[in-house]
Amino acid sequence: MQDIFPAEVSLWLRRGAWLIDVREPAEYAGGHLPGAVNIPLAELKLTPALSRAPVVLVCASGSRSAQAAALLPETGHSDIAHLLGGTIGWMQEGRAVEFPEVDDGQR
């Protein structure tokens, strides 16, 4: 497991890493890193496809993603990065966040 700063995320993505947001769906819906996939911490070990690619783990501040980084090696996964500062740190640096599209029925 490697701790990384926001500026290093793009390097991992170029290597084909999955960007995994381990927060709960309601938190994820409140804004997440561009391209992040939401797999809550409680469901992370149930996602076997993760063992085939590098992963960057992110949460709100870094606590849950650190827990996730400790869990994944138990499933045989070793190419893991943990985003220091989480989504909050990402946003404090002025980096973009995405929000899920909401179908408001107005189309």
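The structure we're discussing is the one just above.
Attention in this report is confined to the structure presented alongside it. Quick caveat: nothing in here was measured; it's all calculated off a predicted structure.

Concerning the nonpolar core
- Of all hydrophobic cores here, the largest spans 13 residues; its most connected members are I4, V9, W12, L19, L33, V56 and L83.
- At the level of elements, α1 (9-14), β4 (55-58) and β5 (80-83) are the ones that each hand at least two residues to this core.
- Setting aside anything within four residues of it in sequence, one finds V56 in contact with I4, V9, W12, A17, W18, L19, I20 and A81.

Side note on the pattern of salt bridges
- The final tally for this structure, using the stated rule, is 4 salt bridges.
- D79 is the salt-bridge partner of R15, the closest N and O atoms lying 2.5 Å from each other. Remark: D79 occurs in the loop between α3 (63-71) and β5 and R15 occurs in the loop between α1 and β2 (18-21); sequence separation between them is 64 residues.
- Residue R15 is classed as partly exposed on the basis of its relative accessible area of 46%.
- Here R64 and E27 are joined by a salt bridge, their closest N and O atoms 2.8 Å apart. Of this pair, R64 sits in helix α3 while E27 sits in helix α2 (residues 25-29), and the two are 37 residues apart along the sequence.
- On the basis of relative accessible area, R64 is assigned to the partly exposed category, the value being 24%.
- The exposure class assigned to E27 is partly exposed, which follows from its relative accessible area of 30%.

Looking at the sheet that holds β5
- The parallel open sheet is built from 5 strands, whose spatial order is β1-β5-β4-β2-β3. At either end of the open sheet lies a strand with only one pairing partner, and these are β1 (2-4) and β3 (37-38).
- Across 2 bridges, the pairing between β2 and β3 is parallel. Each bridged residue has a counterpart across the sheet, and for I20 the counterpart in β3 is V37.
- The strands touched by α3 are β4 and β5; relative to β5, the strand with the most contacts, the crossing angle is about 170 degrees.

Side note on the pairing of β5
- Here β5 shows no split at all, with I80 and H82 on one side and A81 and L83 on the other all buried.
- Judged from the 3 bridges that link them, β1 and β5 form a sheet pairing that is parallel. Within β5, the position partnered with D3 by the bridge is H82.
- When β4 meets β5, the two strands line up parallel, connected through 3 bridges. Within β5, the residue paired with V56 across the bridge is A81.
- The parallel pair β4 and β5 is bridged by α3, and the resulting crossover is right-handed.

The rules behind these values
Residues numbered from 1 in each chain as written. Predicted model: local features only at pLDDT ≥ 70, side-chain atom pairs only at ≥ 80, totals over all residues. Heavy atoms only, no water. Core = buried A, V, L, I, M, F, W, Y, C linked by side-chain atoms within 4.5 Å. Buried < 20%, exposed > 50% of the residue type's maximum accessible area, 1.4 Å probe, protein only. Helix = DSSP H or I, 4+ residues; strand = E, 2+ residues; numbered from the N terminus. Contact = heavy atoms within 4.5 Å. Salt bridge = Lys/Arg side-chain N within 4 Å of Asp/Glu carboxyl O. Pairing = 2+ DSSP bridges. Axes fitted to C-alpha atoms, helices over the stretch in contact; angles between N-to-C directions. Right-handed = clockwise from strand over helix to strand, strands pointing away.

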